[in-house]
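A closer look at the structure
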Amino acid sequence: MQIAIDGPAGAGKSTIARRLADKLGFVYIDTGAMYRCITWKAIKNEVDLADAGQLTNLARDTHIEFRQGSSHQLVFCDGQDVSSAIRSHEVNAAVSKVASHPEIRRIMVRQQQHMASNNSVVMDGRDIGECVLPEAEYKFFLTASIEERARRRQAELTATGLGHELEKVKIEIEERDKSDANREVGSLKILPDSIVIDSSSMTIDDLMNLILDTIRGSGYAV
Ligand code: DC
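**A short note on the site of the ligand**
- The full set close to the ligand counts 16 residues, and Arg36, Arg105, Asp127, Arg176 and Arg183 are the nearest of them.
- Separating an oxygen atom of the ligand from a side-chain N or O atom of arginine 126 is a distance of 3.0 Å.
- Between the ligand and the protein, one listed contact pairs an oxygen atom with a side-chain N or O atom of arginine 176 at 2.8 Å.
- Notes on the ligand: free accessible area 450 Å², of which the protein chains cover 97%.
- The pocket occupied by the ligand, as judged from atoms lying within 2 Å of grid points, is the largest pocket.
- Among the elements of the structure, helix H2 (31-44), helix H4 (89-99) and helix H8 (166-182) are those that each provide at least two residues to the shell around the ligand.
- The dominant element in the shell around the ligand, judged by the number of residues it contributes, is H2, at four residues.
- In terms of residue class, the shell around the ligand is built from four nonpolar, three polar and nine charged.

**Observations regarding the sheet that holds strand S8 (residues 195-198)**
- Strands sit in the order S2-S6-S1-S7-S8 across an open sheet of five strands; the sheet is parallel. The sheet terminates laterally at strand S2 (27-30) and S8, the two strands that pair on one side only. Mean inter-strand twist for the sheet, computed between neighbouring axes without regard to direction, equals 20°.
- When strand S1 (residues 2-6) meets strand S7 (residues 138-143), the two strands line up parallel, connected through four bridges. Following the sheet pairing, isoleucine 3 is matched in S7 by tyrosine 138.
- Against the sheet, helix H9 (residues 204-217) contacts S1, S7 and S8, and its axis sits at roughly 155° relative to S7.

Cut-offs used in this document
- Residues numbered from 1 in each chain as written.
- Predicted model: local features only at pLDDT ≥ 70, side-chain atom pairs only at ≥ 80, totals over all residues.
- Heavy atoms only, no water.
- Near = heavy atom within 4 Å.
- Polar contact = N/O pair within 3.5 Å; in protein donor to acceptor, adjacent residues only side chain to side chain.
- Areas by Shrake-Rupley, 256 points an atom, 1.4 Å probe, with all protein chains shown as cover.
- 1 Å grid on protein atoms, 1.4 Å probe; cavity = no way out; pocket = protein on both sides within 12 Å on 5 of 7 lines; lining within 4 Å.
- Sits in = over half its atoms within 2 Å of the grid points.
- Helix = DSSP H or I, 4+ residues; strand = E, 2+ residues; numbered from the N terminus.
- Nonpolar A, V, L, I, M, F, W, Y, C, P; charged D, E, K, R; others polar.
- Pairing = 2+ DSSP bridges.
- Axes fitted to C-alpha atoms, helices over the stretch in contact; angles between N-to-C directions.
- Contact = heavy atoms within 4.5 Å.

As C-alpha coordinates, then:
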(Lines give C-alpha, C1' and ligand atoms only; values in the text may rest on other atoms or scores of the structure.)
Protein backbone atom coordinates (compact mmCIF):
# COMPACT_ATOMS: atom_id res chain seq x y z
CA MET A 1 0.00 0.00 0.00
CA GLN A 2 1.16 3.53 -0.66
CA ILE A 3 0.15 6.48 1.50
CA ALA A 4 1.14 9.96 0.30
CA ILE A 5 1.15 12.90 2.70
CA ASP A 6 1.72 16.30 1.12
CA GLY A 7 1.43 19.77 2.58
CA PRO A 8 3.29 22.95 3.52
CA ALA A 9 6.16 23.19 6.02
CA GLY A 10 5.25 22.58 9.65
CA ALA A 11 1.83 21.07 8.96
CA GLY A 12 2.78 17.99 11.00
CA LYS A 13 3.47 15.72 8.02
CA SER A 14 6.62 14.08 9.30
CA THR A 15 5.29 13.47 12.81
CA ILE A 16 2.12 11.84 11.54
CA ALA A 17 3.84 9.98 8.69
CA ARG A 18 6.33 8.44 11.12
CA ARG A 19 3.60 7.42 13.59
CA LEU A 20 1.43 6.01 10.82
CA ALA A 21 4.30 4.00 9.34
CA ASP A 22 5.10 2.59 12.82
CA LYS A 23 1.50 1.65 13.43
CA LEU A 24 1.05 -0.02 10.03
CA GLY A 25 4.52 -1.59 9.85
CA PHE A 26 5.28 0.39 6.67
CA VAL A 27 8.51 2.10 5.65
CA TYR A 28 8.57 5.86 6.28
CA ILE A 29 10.25 7.97 3.60
CA ASP A 30 10.93 11.62 4.43
CA THR A 31 11.46 13.13 0.97
CA GLY A 32 12.13 16.62 2.37
CA ALA A 33 15.22 15.15 4.05
CA MET A 34 16.49 14.09 0.62
CA TYR A 35 16.29 17.62 -0.82
CA ARG A 36 17.88 18.83 2.41
CA CYS A 37 20.81 16.40 1.96
CA ILE A 38 21.55 17.74 -1.52
CA THR A 39 21.33 21.31 -0.20
CA TRP A 40 23.58 20.56 2.78
CA LYS A 41 26.20 18.95 0.55
CA ALA A 42 26.00 21.76 -2.04
CA ILE A 43 26.58 24.39 0.67
CA LYS A 44 29.47 22.36 2.13
CA ASN A 45 31.08 22.06 -1.32
CA GLU A 46 30.40 25.73 -2.14
CA VAL A 47 28.35 24.85 -5.20
CA ASP A 48 26.40 27.73 -6.75
CA LEU A 49 22.77 26.90 -5.91
CA ALA A 50 21.60 28.54 -9.13
CA ASP A 51 23.87 26.35 -11.28
CA ALA A 52 21.63 23.45 -12.34
CA GLY A 53 24.48 21.57 -14.06
CA GLN A 54 26.77 21.53 -11.02
CA LEU A 55 23.91 20.69 -8.69
CA THR A 56 22.79 17.85 -10.93
CA ASN A 57 26.28 16.34 -10.98
CA LEU A 58 26.41 16.63 -7.21
CA ALA A 59 22.98 15.00 -6.80
CA ARG A 60 23.91 12.11 -9.12
CA ASP A 61 27.00 11.54 -7.01
CA THR A 62 25.19 11.53 -3.65
CA HIS A 63 24.03 8.49 -1.73
CA ILE A 64 21.13 9.14 0.63
CA GLU A 65 20.02 6.49 3.06
CA PHE A 66 17.54 6.21 5.91
CA ARG A 67 18.53 4.06 8.88
CA GLN A 68 16.58 3.25 12.00
CA GLY A 69 18.19 4.83 15.11
CA SER A 70 17.36 3.86 18.71
CA SER A 71 14.43 6.29 18.95
CA HIS A 72 14.00 7.78 15.49
CA GLN A 73 15.00 7.47 11.88
CA LEU A 74 18.43 8.81 10.93
CA VAL A 75 19.45 10.35 7.62
CA PHE A 76 22.83 9.46 6.12
CA CYS A 77 24.42 11.36 3.26
CA ASP A 78 27.38 9.55 1.66
CA GLY A 79 27.73 7.50 4.85
CA GLN A 80 27.68 10.48 7.23
CA ASP A 81 24.89 11.02 9.77
CA VAL A 82 23.42 14.41 8.79
CA SER A 83 20.12 14.10 10.68
CA SER A 84 20.68 17.36 12.62
CA ALA A 85 22.85 19.20 10.09
CA ILE A 86 20.12 19.14 7.42
CA ARG A 87 17.70 21.01 9.76
CA SER A 88 20.00 24.04 10.12
CA HIS A 89 18.88 27.58 9.41
CA GLU A 90 21.27 27.71 6.45
CA VAL A 91 19.72 24.62 4.84
CA ASN A 92 16.17 25.84 5.60
CA ALA A 93 16.88 29.07 3.77
CA ALA A 94 18.34 27.38 0.66
CA VAL A 95 16.48 24.10 0.21
CA SER A 96 13.54 25.41 -1.76
CA LYS A 97 15.90 26.94 -4.30
CA VAL A 98 17.64 23.59 -4.79
CA ALA A 99 14.27 21.79 -4.97
CA SER A 100 13.12 24.14 -7.73
CA HIS A 101 15.52 22.65 -10.34
CA PRO A 102 13.54 20.19 -12.50
CA GLU A 103 16.57 17.91 -13.03
CA ILE A 104 17.19 17.64 -9.28
CA ARG A 105 13.52 16.74 -8.84
CA ARG A 106 13.76 14.07 -11.52
CA ILE A 107 16.73 12.46 -9.74
CA MET A 108 14.99 12.58 -6.35
CA VAL A 109 11.63 11.32 -7.68
CA ARG A 110 13.34 8.35 -9.35
CA GLN A 111 15.09 7.42 -6.08
CA GLN A 112 11.87 7.83 -4.10
CA GLN A 113 9.94 5.60 -6.52
CA HIS A 114 12.70 3.02 -6.27
CA MET A 115 12.49 3.08 -2.44
CA ALA A 116 8.72 2.54 -2.68
CA SER A 117 8.89 -0.21 -5.28
CA ASN A 118 9.34 -3.15 -2.90
CA ASN A 119 7.68 -1.85 0.25
CA SER A 120 4.43 -0.54 1.62
CA VAL A 121 5.26 3.07 2.37
CA VAL A 122 4.15 6.27 4.01
CA MET A 123 5.88 9.05 2.12
CA ASP A 124 5.68 12.75 2.93
CA GLY A 125 6.63 15.78 0.85
CA ARG A 126 5.12 18.26 -1.60
CA ASP A 127 4.67 16.36 -4.88
CA ILE A 128 4.15 12.80 -3.63
CA GLY A 129 0.54 12.39 -4.71
CA GLU A 130 1.09 14.09 -8.04
CA CYS A 131 4.56 12.98 -9.20
CA VAL A 132 6.11 10.31 -6.99
CA LEU A 133 3.20 8.00 -6.15
CA PRO A 134 0.35 9.02 -8.48
CA GLU A 135 -1.28 5.63 -7.89
CA ALA A 136 -1.18 5.91 -4.08
CA GLU A 137 -4.25 4.46 -2.34
CA TYR A 138 -4.43 7.52 -0.08
CA LYS A 139 -3.34 11.08 -0.78
CA PHE A 140 -3.60 13.23 2.30
CA PHE A 141 -3.04 16.98 2.06
CA LEU A 142 -2.19 18.21 5.52
CA THR A 143 -2.31 21.87 6.38
CA ALA A 144 -2.59 24.23 9.38
CA SER A 145 -2.58 27.97 10.04
CA ILE A 146 0.75 29.75 9.53
CA GLU A 147 0.94 30.63 13.25
CA GLU A 148 0.47 27.01 14.28
CA ARG A 149 2.92 25.74 11.68
CA ALA A 150 5.59 28.22 12.81
CA ARG A 151 5.04 27.22 16.43
CA ARG A 152 5.38 23.51 15.62
CA ARG A 153 8.46 23.99 13.47
CA GLN A 154 10.06 26.09 16.23
CA ALA A 155 9.36 23.34 18.78
CA GLU A 156 10.89 20.78 16.41
CA LEU A 157 14.01 22.93 15.96
CA THR A 158 14.33 23.52 19.70
CA ALA A 159 14.12 19.76 20.32
CA THR A 160 17.10 19.21 18.04
CA GLY A 161 19.06 22.00 19.75
CA LEU A 162 18.67 24.46 16.87
CA GLY A 163 16.42 27.07 18.52
CA HIS A 164 15.15 29.97 16.44
CA GLU A 165 12.89 32.97 17.18
CA LEU A 166 9.23 32.33 16.35
CA GLU A 167 8.94 35.35 14.05
CA LYS A 168 12.04 34.28 12.13
CA VAL A 169 10.68 30.75 11.72
CA LYS A 170 7.37 32.15 10.49
CA ILE A 171 9.01 34.33 7.84
CA GLU A 172 11.20 31.44 6.72
CA ILE A 173 8.16 29.14 6.38
CA GLU A 174 6.17 31.76 4.45
CA GLU A 175 9.02 32.27 2.00
CA ARG A 176 9.50 28.54 1.53
CA ASP A 177 5.74 27.96 1.03
CA LYS A 178 5.62 30.65 -1.64
CA SER A 179 8.55 29.18 -3.50
CA ASP A 180 7.29 25.56 -3.10
CA ALA A 181 3.85 26.51 -4.44
CA ASN A 182 5.11 28.52 -7.39
CA ARG A 183 7.80 26.38 -9.00
CA GLU A 184 7.17 24.90 -12.45
CA VAL A 185 7.67 21.22 -11.64
CA GLY A 186 6.42 19.38 -8.56
CA SER A 187 4.73 22.36 -6.97
CA LEU A 188 2.69 21.99 -3.81
CA LYS A 189 -0.98 21.76 -4.67
CA ILE A 190 -4.24 20.13 -3.64
CA LEU A 191 -5.19 17.38 -6.13
CA PRO A 192 -8.69 16.33 -7.17
CA ASP A 193 -8.23 13.13 -5.13
CA SER A 194 -6.53 14.77 -2.11
CA ILE A 195 -8.09 14.25 1.31
CA VAL A 196 -7.55 17.68 2.85
CA ILE A 197 -7.09 17.93 6.62
CA ASP A 198 -6.57 21.18 8.55
CA SER A 199 -4.78 20.14 11.72
CA SER A 200 -4.56 23.63 13.33
CA SER A 201 -6.66 22.69 16.34
CA MET A 202 -5.96 18.96 16.40
CA THR A 203 -3.61 17.01 18.61
CA ILE A 204 -1.40 14.39 16.99
CA ASP A 205 -3.67 11.71 18.46
CA ASP A 206 -6.77 13.35 16.90
CA LEU A 207 -5.02 13.52 13.57
CA MET A 208 -3.81 9.95 13.77
CA ASN A 209 -7.33 8.72 14.59
CA LEU A 210 -8.85 10.68 11.74
CA ILE A 211 -6.37 9.23 9.25
CA LEU A 212 -6.80 5.69 10.58
CA ASP A 213 -10.61 6.08 10.44
CA THR A 214 -10.34 7.23 6.83
CA ILE A 215 -8.26 4.18 5.94
CA ARG A 216 -10.59 1.84 7.87
CA GLY A 217 -13.58 3.50 6.21
CA SER A 218 -12.47 2.17 2.85
CA GLY A 219 -12.20 -1.38 4.11
CA TYR A 220 -8.62 -1.81 5.34
CA ALA A 221 -8.30 -3.44 8.74
CA VAL A 222 -5.78 -1.25 10.58
O1 DC B 1 9.35 18.81 4.41
P2 DC B 1 10.62 19.67 4.57
O3 DC B 1 10.35 21.01 5.19
O4 DC B 1 11.72 18.94 5.25
O5 DC B 1 11.10 19.95 3.08
C6 DC B 1 12.26 20.69 2.80
C7 DC B 1 12.13 21.37 1.46
O8 DC B 1 12.22 20.41 0.41
C9 DC B 1 10.84 22.15 1.24
O10 DC B 1 11.08 23.54 1.19
C11 DC B 1 10.34 21.73 -0.09
C12 DC B 1 11.27 20.67 -0.58
N13 DC B 1 10.55 19.45 -0.90
C14 DC B 1 10.12 19.29 -2.19
O15 DC B 1 10.29 20.19 -3.01
N16 DC B 1 9.51 18.14 -2.57
C17 DC B 1 9.30 17.17 -1.68
N18 DC B 1 8.72 16.04 -2.07
C19 DC B 1 9.72 17.32 -0.34
C20 DC B 1 10.33 18.49 0.02
